[in-house]
Amino acid sequence: MSEANDAASTRERIRLVAAELYVLRGYQGFSFGDIAARIGVTRANIHHHFGTKRRLMEELSEGFGRDAEARIAHHWTQPGASFAARLAAQRADLRKFYDRFNHQPGARNVWSPLSRLRLDVPVLGTLATGVLERVNRSYDRCLRQAVTEAVASGEFAPATAVDDVVCVLRTTLQSCGPITQDSGSFRDVDALLGALQRTWMVAWGGR
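The structure presented is a predicted model; accordingly, all values stated were derived computationally and were not measured.

Caption draft 1: Examining the pattern of salt bridges more closely. One pass over the structure, following the stated rule, counts 16 salt bridges. Among the salt bridges present, the one from Arg-71 reaches Asp-67, with a minimum N-O distance of 2.8 Å. Highlighted residues: Arg-71 and Asp-67, both in helix α4 (residues 53-76), separated by 4 residues, approximately one helical turn. With a shortest N-O distance of 3.8 Å, Asp-93 and Lys-96 are connected by a salt bridge. With Asp-93 and Lys-96 both in helix α5 (residues 83-101) and 3 residues apart, the pair spans about one turn of that helix. Look at the salt bridges and you will find they share partners, linking Glu-62, Arg-66, Glu-69 and Arg-134 into a network.

Caption draft 2: Representation of the side chain of Arg-86 in the model. For Arg-86, the position within the fold is in helix α5. The class of Arg-86 is buried, set by a relative accessible area of 2%. At 3.4 Å, the side chain of Arg-86 and the backbone oxygen of Trp-76 are in polar contact. Those residues in contact with Arg-86 that sit more than four places away from it in its chain are His-75, Trp-76, Thr-77, Gln-78, Pro-79, Ala-81, Ala-146 and Glu-149.

Caption draft 3: Expanded view of the side chain of Arg-170. Counting through the fold element by element, Arg-170 comes out in helix α9 (residues 162-174). Apart from residues lying up to four places away in sequence, Arg-170 is in contact with Asn-136, Tyr-139, Asp-140 and Leu-143.

Caption draft 4: Inspection of the environment of Ala-44 at higher detail. Mapping Ala-44 onto the fold places it in helix α3 (residues 43-50). Take Ala-44: its relative accessible area is 54%, and that puts it in the exposed class. With 12 residues separating them along the chain, Ala-44 and Phe-32 place their C-alpha atoms 8.9 Å apart.

Caption draft 5: Structural detail: α9. For α9, built from 13 residues, the straight-helix expectation of 18 Å at 1.5 Å per residue is met to within 8% by its first-to-last C-alpha distance of 18 Å. Here α9 has its buried residues at Val-162, Val-165, Val-166, Leu-169, Arg-170, Thr-172, Leu-173 and Gln-174. Buried residues in α9 make contact with α4, α5, α6 (113-119), α8 (126-153), α10 (176-183) and α11 (187-204).

Caption draft 6: Local environment of the packing of aromatic side chains. The tally for this structure, following the rule as stated, stands at 7 aromatic pairs. An angle of 50° between the planes, with centres 5.0 Å apart, marks the rings of Phe-83 and Phe-156 as tilted. Of this pair, Phe-83 sits in helix α5 while Phe-156 sits in the loop between α8 and α9; the two residues are 73 residues apart in sequence, bridging distant segments of the chain. Judged by relative accessible area, which is 2%, Phe-156 ranks as buried. By the ring-pair criterion, three or more aromatic residues cluster together here, those being Trp-76, Phe-83, Phe-156 and Trp-200. Over the ring of Phe-30 we find Lys-53; its NZ or CZ atom is 4.5 Å from the centre of that ring.

About the criteria used
- Residues numbered from 1 in each chain as written.
- Predicted model: local features only at pLDDT ≥ 70, side-chain atom pairs only at ≥ 80, totals over all residues.
- Heavy atoms only, no water.
- Salt bridge = Lys/Arg side-chain N within 4 Å of Asp/Glu carboxyl O.
- Helix = DSSP H or I, 4+ residues; strand = E, 2+ residues; numbered from the N terminus.
- Buried < 20%, exposed > 50% of the residue type's maximum accessible area, 1.4 Å probe, protein only.
- Polar contact = N/O pair within 3.5 Å; in protein donor to acceptor, adjacent residues only side chain to side chain.
- Contact = heavy atoms within 4.5 Å.
- Expected span 1.5 Å × (residues − 1).
- Phe/Tyr/Trp six-rings, centres within 6.5 Å; stacked < 30°, edge-to-face > 60°.
- Lys NZ or Arg CZ within 6 Å of the ring centre and 35° of its normal.

Following this line, the structure appears as structure tokens:
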């Protein structure tokens, strides 16, 4: 491996470990020393790649935002997919994140990068709120497209209250992290999304 590739690999390892520690512990809960101990580099090496912890958080926050926007678009704007299939894909993706950070039954760890950013708004300020607002707009745009297409395809009736469905679903998806921390399980998220889907189908089911 060339020196440049080795440096890039080290930088990426630092970023990945930092992202995991941040989600689990928050901004004030980890240090460059924690990262260095995890991957076997020096703190000076981390400073070389990222400078300050604030600069590291700038990159992590931007990455969380880009990743969330890409996932939202993938789940909710897939050509030809039904609303039910899109909701199932979103639910499976959330469960994957939950399982990644909660290995033991009953664990109540923070698992959503966006949930962690919300908790750290007092510390990170616009660094967090800018990403959260961007993701909020992405959810609103993509969910609206999904519901509108469901009406056009006949999956939902023409009388469907599109704004209401979008608002309820967006706020529910953004609240899944705290729900699992309350219950220590993903079951309540599954139950809530299933109940919402059944309610909407009773109210506005098309075919």
